[in-house]
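Structural overview for review
Each chain, letter by letter, is given below.
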Amino acid sequence: MSGSFLLSLTDKKHTELKSTLNENSVNPLEIAALVRETRYHLGLAQLQFAQKLGVWFQSVNRWENGRSRPLPIVLKQLEAQLREMGDRGIDLLSQYFPK
């Protein structure tokens, strides 16, 4: 594959992820609370939660402390986690991912 083809695929994926974030309209100020509350509802330590999401522990720590924000793909994973929790996740789902 040529480099320009790979670049165009990467650009397309980046655009799709940005639109996903905009569709979910998660307020940037609430992301730290979203991550923390989702983790608490799952009963996981930061390290366990990071492993479940496939990210580094430091990433979860930075998200919860408001120093950085998760990529849109991770926000989709958080939304999926809340949906899988059923009744336990419905309040967080409606609060952070209004439709």
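Scroll up to find the structure this text is about.
Residues numbered from 1 in each chain as written. Predicted model: local features only at pLDDT ≥ 70, side-chain atom pairs only at ≥ 80, totals over all residues. Heavy atoms only, no water.

1. Quick notes on the nonpolar core
Definition in use: Here, nonpolar core means buried Ala, Val, Leu, Ile, Met, Phe, Trp, Tyr and Cys residues that are tied together by side-chain atoms lying within 4.5 Å of each other. For every residue, the accessible area obtained with a 1.4 Å probe (protein chains only) is divided by the maximum for its type, and the residue is called buried under 20%, exposed over 50%, and partly exposed between those limits. Runs of H or I in DSSP of at least four residues are treated as helices and runs of E of at least two as strands, each being numbered from the N terminus.
Core analysis: the biggest nonpolar cluster contains 17 residues, and Leu34, Val35, Leu78 and Leu82 have the highest contact counts within it. Residue assignment for this core shows that the elements contributing at least two residues are α2 (31–42), α3 (46–53), α4 (57–64), α5 (72–84) and α6 (87–96). Sorting elements by how many residues they give to this core places α5 first, with four residues.

2. Some details on α2
For clarity, the cut-off: How far a helix is expected to stretch is found by multiplying one less than its residue total by 1.5 Å. Contacts were defined at the residue level, with two residues in contact if any of their heavy atoms lie within 4.5 Å.
With twelve residues, α2 should cover 16 Å at 1.5 Å per step; its first-to-last C-alpha distance of 17 Å lies within 8% of that length. Among all positions in α2, only Ile31, Ala32, Leu34, Val35, Thr38 and Arg39 are buried. Structurally, α2 contributes buried residues whose contacts are with α3, α4, α5 and α6. With its phi angle positive at about 70 degrees, Gly43 sits one or two positions after the end of α2.

3. Considering the pattern of salt bridges
It is possible for side chains bearing opposite charge to pair when their charged atoms get close. Spelled out, the test is: Any carboxyl oxygen of Asp or Glu within 4 Å of a side-chain nitrogen of Lys or Arg constitutes a salt bridge here.
Under the defined criterion, the tally for this structure stands at three salt bridges. Glu64 is paired through a salt bridge with Arg39; the nearest N and O atoms lie 2.5 Å apart. Placement of the pair is Glu64 in helix α4 and Arg39 in helix α2, with a sequence separation of 25 residues. Take Glu64 and Arg39: they sit in the same class, and that class is buried. When the shortest N-O distance is used, the salt bridge between Glu79 and Arg83 registers 2.9 Å. Of the two residues, Glu79 and Arg83 are both situated in helix α5; the distance of four residues between them amounts to about one turn of the helix. Residue class for Glu79 comes out buried when judged on its relative accessible area of 4%. A single salt-bridge network, built from bridges that share partners, covers Lys76, Glu79 and Arg83.

4. Digging into α5
Put simply, the test is: The directions considered for the arc run from the helix axis to the C-beta atoms.
Over its 13 residues, α5 extends 18 Å from the first C-alpha to the last, a length consistent with the 18 Å expected when each residue adds 1.5 Å. Within α5 the residues assigned to the buried category are Pro72, Val74, Leu75, Leu78, Glu79, Gln81 and Leu82. In a view along the axis of α5, the buried residues occupy a sector of 165 degrees, so they form one face of it. Backbone geometry just downstream of α5 places Gly86 in the positive-phi region, at approximately 65 degrees.

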